[in-house]
Amino acid sequence: MRQKLTNGTILTPFRAIKNGTIVIENGQIIGIHEANVEVPDAIEIDAKGQYIAPGFIDIHVHGGGGFDFMDGTEEAFLKIAELHAQYGTTSLVPTTLTAEKEDLLQTLDVYENANRQNTKGANFLGIHLEGPYFALSQRGAQDPRYIRNPDPAEYEEILSHSSSIVRWSAAPELEGAIAFGQRLRQKGILAAIAHTDAFYDDVLSAYENGYSLVTHLYSAMSGVTRKNAFRYAGVIESAFLLDLDVEIIGDGIHLPAPLLKLIYKIKGADRTALITDAMRGAGMAEGESTLGSLKNGLKVIIEDGVAKMPDRTSFAGSVATFDRLVRNMINMADVSLLEAVRMASTTPARIMGVDHRKGSLVKGKDADIVIFDKDINVSLTMVEGRIVYDKS
């Protein structure tokens, strides 16, 4: 089956092509043209003068639409994928929370079943285990009951249980965390620094031993610290100094405009991936909700466009959808549309090692495409040539 997208501005990695045409066959892009070309027997999709962009890739997301990946059901996985597709996400990395080993193993099993059935929403790229190897002092909304140091017997069992783990976040200063990072690198799994009180020397050692990404920069991590009158650089400064990739929650609340601008100025679009870090409240009304599993998750409140702990002393995850992230980078951080889209697609694809097939509108790559207007309101989302959302 052939499809033809016309009458829009195509955002490629290099430029914007006005009134261009994208030709798709069997779920792949087979041609990008600067004019409206004839494609015999093709199904034609009119972009109506809007932007045609690579689909957004969310490499850190917990839920949405009233569901969480820790619910332990295939329905939850599929409904979350459908919800985020409505806002332009074409690929996502389902993310767990700190939990008992048995709950993590069950989530991995459910993922593999759900992945085989997932045809109506954003594509799954594999599982991200966020925790349980974190600093208790930087737990944020992670449940303190389950936080612990890396245990080789435990993580080897989890790694041998499933081949679907593509990313694991941990605090590198913990005892055993460096060996853990080395093991993840051996397995081809992305090791990320998260929920950590590390100093620069800890981060440097982690960087040299497999850790390559900083999870939700500024959230649940150390900055400049004083000890016996001396100042020490924390994870935030280390992320700026070293050639680490960073991901940022671009909901406009976790990071205010000056910090969004600072991160973009120092790290640039090629080192910065936008993430929602969305919990089950994404796409839902404000009010009471649950972070993590309905069985043993934490009660939270959604208000002011963010999830908060019940005492309102800290955030408990975002309720953002990906359109909001792109819009914020343009309106709050003064980033160009092409660069904001790069942070939403090309950069996360490279970080996750799928840039050979996803993340940009280039001949030979998957037809993961989103169409939106000048205000980033999504009208159509396509995953590997399948239309999974059509506003009309």
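Look above for the structure.
Residues numbered from 1 in each chain as written. Predicted model: local features only at pLDDT ≥ 70, side-chain atom pairs only at ≥ 80, totals over all residues. Heavy atoms only, no water.

Undergrad: How would you summarise the packing of helix α8 (residues 322-331) against helix α9 (residues 337-344) if you had to cite specific residues and measurements?
TA: Viewed as axis vectors pointing N to C, α8 and α9 meet at an angle of 140°, and their least axial separation amounts to 9 Å. By the angle class used here, α8 and α9 are oblique. Where α8 crosses over α9, the two elements pack in a sense that is right-handed. Contact with α8, carried on its side by F322, V326, M329 and I330, involves L337, A340, M343 and A344 of α9 and no other residues of that element. Grouping the constituent residues of the contact of α8 with α9 by class yields eight nonpolar, no polar and no charged. (Axes fitted to C-alpha atoms, helices over the stretch in contact; angles between N-to-C directions. Helix = DSSP H or I, 4+ residues; strand = E, 2+ residues; numbered from the N terminus. Parallel < 35°, antiparallel > 145°, perpendicular 65-115°, else oblique. Left-handed = near helix turned anticlockwise from the far one by under 90°. Contact = heavy atoms within 4.5 Å. Nonpolar A, V, L, I, M, F, W, Y, C, P; charged D, E, K, R; others polar.)

Undergrad: An account of the nonpolar core is requested, with residue identities and associated values reported.
TA: It is characteristic of soluble globular proteins that their nonpolar side chains tend to be buried jointly. The biggest cluster of nonpolar side chains holds 78 residues, and the ones touching the most others in it are W168, L217, I248, L274, M329 and F372. The element contributing the most residues to this core is helix α2 (residues 101-117), with six residues. When residues no more than four places from it in sequence are discounted, the contact partners of L217 are I236, A239, F240, V246, E247, I248, L255 and I263. Within the second largest apolar cluster, 15 residues are counted, among which are L5, I17, I371 and M382. (Core = buried A, V, L, I, M, F, W, Y, C linked by side-chain atoms within 4.5 Å. Buried < 20%, exposed > 50% of the residue type's maximum accessible area, 1.4 Å probe, protein only.)

Undergrad: Tell me what's going on with the sheet that holds strand β20 (residues 298-303), and back it up with residues and numbers.
TA: Strand order in this open sheet of four strands is β19-β20-β21-β22, and the pairing throughout is antiparallel. At either margin of the open sheet sits one strand with a lone partner, and together these are β19 (287-291) and β22 (315-318). Each strand of the sheet is rotated relative to its neighbour by a mean of 40°, with strand direction disregarded. Judged from the three bridges that link them, β20 and strand β21 (residues 306-308) form a sheet pairing that is antiparallel. Considered in β21, the bridge of I302 is made with A307. (Pairing = 2+ DSSP bridges.)

Undergrad: Quick rundown of the packing of α2 against helix α3 (residues 152-161)? Include the residues and the values.
TA: Here α2 crosses α3 at 15°, and the two axes come no closer than 10 Å. Classed by the angle they form, the pair α2 and α3 counts as roughly parallel. As for the relative orientation of α2 and α3, their crossing is right-handed in sense. Contacts between α2 and α3 involve K101, L104, L105, L108 and D109 from the first element and E154, E157, I158 and H161 from the second. Considering only residue class, the contact of α2 with α3 consists of four nonpolar, one polar and four charged.

Undergrad: Lay out the layout of surface pockets in plain terms, naming residues and giving numbers.
TA: Its volume calculated, the largest pocket comes out at about 340 Å³. G140, A141, H195, F315 and G317 are the residues nearest the centre of the largest pocket, which is lined by 21 residues in total. Residues of the lining of the largest pocket, tallied by class, amount to seven nonpolar, eleven polar and three charged. What lines the second largest pocket is a set of 20 residues, among which M70, A99, G292, S293 and N296 lie closest to the centre. Looking at the lining of the second largest pocket element by element, the count peaks at three residues for α2. Residue composition of the lining of the second largest pocket, grouped by class: seven nonpolar, nine polar and four charged. (1 Å grid on protein atoms, 1.4 Å probe; cavity = no way out; pocket = protein on both sides within 12 Å on 5 of 7 lines; lining within 4 Å. Points joined across faces, edges and corners; volume = space filled by probe spheres on them.)

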